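# Summary of structural features
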Amino acid sequence: NARVLEQAKIGSKYYVLVGMERRETRRIYAQRIERNQKKIADYRTIAENAGKPVTRLAALRKALVLAKANEQLRNQRAIVAGGSASVVSSLRPKLAKAVREAQADCPVVVQGDAPSSIRTQVGAALEAQGFRTVDRSGPAILNATVRYEEHPTLSSRTDAHFLRWTLAIELTDIARGQ
């Protein structure tokens, strides 16, 4: 939908002026928004009918991503139409709340061979994202396996101690094992 109207190279920089037809651009945005709205409705239906909390959470997170995308598309459409970019969706906060509630219904146990201080930090990060962590796998729905490795590097340096480290976190559905 965009056309290059002018282009120039000045020194080592390139400049391009691109134009687009407003009506066609608004139509394209409207189509994308409508397509996303249908997907959001489908994901919400999946979440409502989900028997498992993990399935509900996954569907709601997908719906939230699309709701955020629609908010951006609506703002861009408003700018193209000559207005301001202050379109606020009432759906996004509702979905964000539903995601937080679904995360609370998916307790996570944090395990692995990483030092306890690292496992504690991973648990704190998960809690900051809205998950509830538990001490044992009995009540947990999700398992966060934390692996930590460190290897000395630059051993030729005597003035400092350097480590190359790797932290891997694998989140799995305990019931399905994936």
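This text goes with the structure placed above it.
Below, the structure is looked at part by part. Worth saying up front: this structure is predicted, and the values here are computed from it rather than measured. (Residues numbered from 1 in each chain as written. Predicted model: local features only at pLDDT ≥ 70, side-chain atom pairs only at ≥ 80, totals over all residues. Heavy atoms only, no water.)

## Here we look at the overall build of the chain
To keep things clear, this is the line we draw: Runs of H or I in DSSP of at least four residues are treated as helices and runs of E of at least two as strands, each being numbered from the N terminus. Taken over C-alpha atoms, the radius of gyration is set against a globule rule of 2.2 Å times the number of residues to the power 0.38.
A tally of helices and strands in the chain yields four helices and six strands. Secondary structure elements of the chain occur, N-terminal to C-terminal, as β-β-α-α-α-β-α-β-β-β. Relative to the globule expectation of 16 Å for 178 residues, the C-alpha radius of gyration of the chain, 24 Å, shows a markedly less compact shape. Expressed as lengths along the three principal axes of its C-alpha atoms, the size of the chain is roughly 60 × 55 × 25 Å.

## Some points on helix 4 (residues 116-128)
What counts, and what does not: In this scheme, a helix's expected span is set at 1.5 Å multiplied by one less than its residue total. Buried residues are those whose accessible area, probed at 1.4 Å on protein chains only, stays under 20% of the maximum for their type, while exposed residues exceed 50% and partly exposed ones sit between those limits. Working definition: the arc comes from the directions between the helix axis and the C-beta atoms, pointing outward to the latter.
Taking 1.5 Å per residue, 13 residues should reach 18 Å; helix 4 reaches 18 Å between its end C-alpha atoms and fits that length. For helix 4, every residue scored as buried is listed here: Ile118, Val122, Gly123 and Leu126. In an axial view of helix 4, the angular spread of the buried residues amounts to 140°, which keeps them on one side of the axis. More than 90 degrees from the buried face of helix 4, the exposed residues found are Thr120, Gln121 and Ala128. Directly after helix 4, the chain includes Gly130, whose backbone phi takes a positive value near 105°.

## Here's the deal with a nonpolar patch on the surface
Defined as follows: Patch definition: residues above 30% relative accessible area lacking any salt bridge, with like charges linked at up to 9 Å and the nonpolar side chains Val, Leu, Ile, Met, Phe, Trp and Tyr linked at up to 5 Å. What sets the accessible areas is the Shrake-Rupley method with a 1.4 Å probe; for residues, cover comes only from the shown protein chains. A pairing counts as a salt bridge when a side-chain nitrogen of Lys or Arg comes within 4 Å of a carboxyl oxygen of Asp or Glu.
The grouping of Val4, Val16 and Val18 at the surface amounts to a nonpolar patch, some 250 Å² of accessible area in total. Mapped onto the fold, Val4 is located in strand 1 (residues 2-10).

## Let's talk about the pattern of salt bridges
A pair can form between side chains of opposite charge whenever their charged atoms are brought close. Summed over all chains, the structure comprises five salt bridges. Salt-bridge contacts for Glu24 lead to Arg27; the nearest nitrogen and oxygen are separated by 2.3 Å. Remark: Arg27 and Glu24 occur in helix 1 (residues 22-49); sequence separation between them is three residues, near one turn of the helix.

## Topic: the nonpolar core
This is how the line gets drawn: Residues belong to one nonpolar core when they are buried, are Ala, Val, Leu, Ile, Met, Phe, Trp, Tyr or Cys, and are joined through side-chain atoms within 4.5 Å. Contacts were defined at the residue level, with two residues in contact if any of their heavy atoms lie within 4.5 Å.
Grouped together as the largest cluster of nonpolar side chains are 27 residues, with contacts concentrated most on Ile40, Leu60, Leu95, Val108, Val110 and Leu126. When residues of this core are traced back to their parent elements, those giving at least two are helix 1, helix 2 (53-80), helix 3 (91-104), strand 3 (108-112), helix 4 and strand 5 (142-153). With eight residues, the single largest contributor to this core is helix 2. Ignoring sequence-local partners within four residues, the contact set of Leu95 consists of Ile40, Arg44, Leu60, Ala63, Leu64 and Ala67.

## Some words on the pairing of strand 5
In regular strands, side chains alternate between the two faces of the sheet. We apply this condition: Strand pairing is assigned whenever DSSP identifies at least 2 bridges connecting the two strands.
Two strands pair when backbone bridges link them, and strand 3 and strand 5 are joined in this way by five bridges, in the parallel orientation. When the bridges of strand 5 are listed, Val109 appears paired with Asn143. Sheet topology note: the strand 5/strand 6 (residues 162-173) ladder contains twelve bridges and is antiparallel. Looking across to strand 6, one finds that His151 is bridged to Arg164.

## Focus on the sheet that holds strand 3
We count it as follows: Inter-axis angles, ranging from 0 to 180 degrees, are taken between N-to-C directions of lines fitted to C-alpha atoms, where helices are fitted over the stretch in contact.
On the basis of which strands lie adjacent, the open sheet formed by four strands has the order 4-3-5-6 and mixed pairing. With one partner strand each, in any of the chains shown, strand 4 (133-134) and strand 6 form the two edges of the open sheet. Seen against the sheet, helix 4 touches strand 3, strand 4, strand 5 and strand 6 and runs at an angle of roughly 155° to strand 3.

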